[in-house]
Amino acid sequence: MLATLFPRVADNRYPGRRLGLWLFALMPLKIAMGVNVMINAPDVAQSADGVPVDSFGAPAVAAFSFVFAAWGFGQLVLGVASLVVLLRYRSLVPLAFLALLVEQSGRMLLRLAWPIQRIDAPGTTINMVLVALLALRFVLSL
């Protein structure tokens, strides 16, 4: 498995199941998601993740919006990296899936250390489904 995760040569030879590659083709959607979060940080935080931004004071909204937009930039970078892997370095698809899985599940675990009050929103359920799907995609890519 380590040889599949860390191939000697990063080329366009994909080692896993074809379905895994097709599912990886969805990952560049993170580009659009990241841009949306950067542009609409407070709205996305409230509607998708249930963060009660309306209840914050102006300085807190500004600080939170910056941090959330910075996270959106991180999603943009992950999306661009996924696109590069998809177009040029398919042998790295398993490693990319693992990195995306660690990022997604790591953010969920950080919520345990830094809990915040939330209003009812679909984000938590969607994130749990995404972690499960990423794990499945990772297995398919091996």
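Structure: above.
No experiment lies behind these values; they were computed from the predicted model shown. (Residues numbered from 1 in each chain as written. Predicted model: local features only at pLDDT ≥ 70, side-chain atom pairs only at ≥ 80, totals over all residues. Heavy atoms only, no water.)

What follows covers the overall build of the chain. Of regular secondary structure, the chain possesses seven helices and zero strands. Principal-axis analysis of the C-alpha atoms places the extent of the chain at approximately 50 × 25 × 20 Å. Taking the intrachain contacts of the chain between residues at least 6 apart in sequence as the baseline, contacts between residues at least 24 apart amount to 81%. Accessible area of the chain: about 8,500 Å², with a carbon and sulfur share of 72%. Counting 11 positive and 6 negative side-chain charges, the chain places the centres of these two groups 19 Å from one another. (Helix = DSSP H or I, 4+ residues; strand = E, 2+ residues; numbered from the N terminus. Contact = heavy atoms within 4.5 Å. Areas by Shrake-Rupley, 256 points an atom, 1.4 Å probe, with all protein chains shown as cover. Lys, Arg positive; Asp, Glu negative; His and termini not counted. Charge placed at Lys NZ, Arg CZ, Asp CG, Glu CD.)

So, on to the packing of helix H5 (residues 58–88) against helix H6 (residues 93–113). As a packed pair, H5 and H6 sit with axes 10 Å apart at the nearest point and diverge in direction by 165°. One way to sum up the angle between H5 and H6 is to call them roughly antiparallel. Crossing geometry of H5 relative to H6 is assigned as left-handed. Counting all contacts with H5, which are made through Trp71, Gln75, Leu78, Ser82 and Val85, the residues of H6 involved are Val93, Ala96, Leu100, Glu103 and Arg107. When grouped by side-chain class, the residues that make up the contact of H5 with H6 number six nonpolar, two polar and two charged. (Axes fitted to C-alpha atoms, helices over the stretch in contact; angles between N-to-C directions. Parallel < 35°, antiparallel > 145°, perpendicular 65-115°, else oblique. Left-handed = near helix turned anticlockwise from the far one by under 90°. Nonpolar A, V, L, I, M, F, W, Y, C, P; charged D, E, K, R; others polar.)

Enumeration over the complete set of coordinates arrives at four aromatic pairs. Both rings, one in Phe68 and one in Trp71, keep their centres 5.2 Å apart while their planes meet at 50°; by these two values the pair is tilted. Linking Phe68 with Trp71, this pair stays in helix H5, spanning three residues, or about one helical turn. An aromatic cluster is present here, built from Phe56, Phe64, Phe68 and Trp71 joined pairwise through their rings. (Phe/Tyr/Trp six-rings, centres within 6.5 Å; stacked < 30°, edge-to-face > 60°.)

In this structure, Ser141 sits in helix H7 (residues 123–141). Reaching out from Ser141, the side chain makes a polar contact with the backbone oxygen of Phe138 at a distance of 2.7 Å. With near-sequence residues (within four places) excluded, Ser141 lies in contact with Thr4, Tyr14, Pro15, Gly16, Val93, Pro94 and Phe97. (Polar contact = N/O pair within 3.5 Å; in protein donor to acceptor, adjacent residues only side chain to side chain.)

If you trace the backbone, Val93 turns up in helix H6. Residue class for Val93 comes out buried when judged on its relative accessible area of 0%. In this structure, the C-alpha to C-alpha distance between Val93 and Ser141, residues 48 residues apart in sequence, is 6.8 Å. Among residues more than four places away in sequence, those in contact with Val93 are Tyr14, Leu21, Phe24, Val85 and Ser141. (Buried < 20%, exposed > 50% of the residue type's maximum accessible area, 1.4 Å probe, protein only.)

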